[in-house]
Amino acid sequence: MNASRGNVAGFRAVRTLSDTQEGLAQTRQAVARAKEGDREAVGFLYSRYAGNVYGYVLSIVHDDHDAEDVTQQVFAKLMTGLNRYNERDVPFSAWLLRLARNAAIDRLRANKRTIPVESVLDTNASAPGDAERSMVMRDAFASLPDDQRDVMMLRHVIGLSPTEIAELLGRSEASVHGLQHRGRRALMQELVTAGSTPATRGQLVAA
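Attention in this report is confined to the structure presented alongside it.

**Quick look at the packing of aromatic side chains**
Thought 1: According to the stated counting rule, one finds 5 aromatic pairs in the structure shown.
Thought 2: Where Tyr-85 meets Phe-92, the ring centres are 5.6 Å apart and the plane angle is 80°; that geometry is what we call edge-to-face.
Thought 3: Looking at Tyr-85, the relative accessible area reads 7%, which means it is buried.
Thought 4: Between the aromatic rings of Tyr-85 and Trp-95, the centroid separation amounts to 5.2 Å while the plane-to-plane angle is 45°, which identifies the pairing as tilted. Of this pair, Tyr-85 sits in the loop between α5 (78-81) and α6 (92-111) while Trp-95 sits in helix α6, and the two are 10 residues apart along the sequence.
Thought 5: Pairwise contacts between aromatic rings join Tyr-49, Tyr-85, Phe-92 and Trp-95 into one cluster.

**What to know about the packing of helix α3 (residues 39-61) against helix α4 (residues 64-76)**
Geometrically, a packed helix pair is captured by the angle between its two axes and the distance between the axes.
Thought 1: Two elements in contact, α3 and α4, have axes whose closest approach is 8 Å; the angle formed by their N-to-C orientations is 140°. Classified by the angle between their axes, α3 and α4 sit oblique to one another. As α3 packs across α4, the resulting crossing turns out to be right-handed. Contacts from Val-42, Leu-45, Tyr-46, Tyr-49, Ala-50, Val-53, Tyr-54, Val-57, Leu-58 and Val-61 in α3 reach Asp-64, Asp-66, Ala-67, Glu-68, Val-70, Thr-71, Gln-72 and Phe-75 in α4.
Thought 2: Split by residue class, the contact of α3 with α4 holds 13 nonpolar, 2 polar and 3 charged.

The rules behind each value
Position numbers for residues count from 1 along each chain, tracking the sequence in the order it is written. Thresholds applied to this predicted model are a pLDDT of at least 70 for local features of residues and 80 or more for the giving and counting of side-chain atom pairs; totals over whole chains, interfaces and linings are not thresholded and use all residues. Side-chain numbers here rest on the full set of heavy atoms in the structure, without hydrogens or water. To pair, rings of Phe, Tyr and Trp, with the six-membered ring standing in for Trp, must have centres within 6.5 Å; the planes then decide the type, stacked if under 30 degrees apart, edge-to-face if over 60, and tilted in the middle. Residue exposure (1.4 Å probe, protein chains only): buried if accessible area is under 20% of the type maximum, exposed if over 50%, otherwise partly exposed. Helical segments are the DSSP runs of H or I of at least four residues, strand segments are the runs of E of at least two, and each set is numbered from the N terminus. Angles shown run from 0 to 180 degrees and are taken between the N-to-C directions of axes, each axis being a line fitted to C-alpha atoms and, for helices, limited to the stretch in contact. These descriptions rest on fixed angle ranges, namely under 35 degrees for roughly parallel, over 145 for roughly antiparallel, 65 to 115 for roughly perpendicular, and the rest for oblique. By convention the crossing between two helices is left-handed if the near helix lies anticlockwise of the far one by an angle smaller than a right angle, and right-handed if it lies clockwise. Contacts between residues were defined by any pair of non-hydrogen atoms, one from each residue, lying within 4.5 Å. Lys, Arg, Asp and Glu make up the charged group, whereas Ala, Val, Leu, Ile, Met, Phe, Trp, Tyr, Cys and Pro make up the nonpolar group; the residues left over, Gly among them, are polar.

Remember, this is a structural readout, not a statement about activity or role.
In structure tokens, the structure reads:
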């Protein structure tokens, strides 16, 4: 079940999901066996779904190595996480992609420390006091509730559209717009409290 890092072609060559009755029956049997600790069954699920998980994760993180790592993590957790899966609630493929989505967003959160928040908000990176402003921005971004921070990150850092974010997070598009608006407003308030410059606040409102 181990795939070598950088073997993107290998991931893409894996079989796509099968929606035939035979394929669904095979998946159900494999899931049942995997829940009992059968590693070969987990390997079967990996061979059938890894390519789809990788492609989905890559569409979120936009980095081949991160997508490979997240894909490996998702399947590594199946041995302990499958007991939470109930076929009556959702098809296995949908449940697996939900795990992949959450893992991908966790990776984006972990990587956000390397993202200049000032670029997200279109502030002037060459302005005096840039280092201090960057720190203020990072603190303000980190202070947001998770749902607002996720939307702001996916919209302004990853560049997804509100429609894509709504589909990814399982929310309505109106909810995404609301979270984005509240996130901007909360960031502005944090900047005001921190004594940020009026120019920065104006750029934030206009973003």
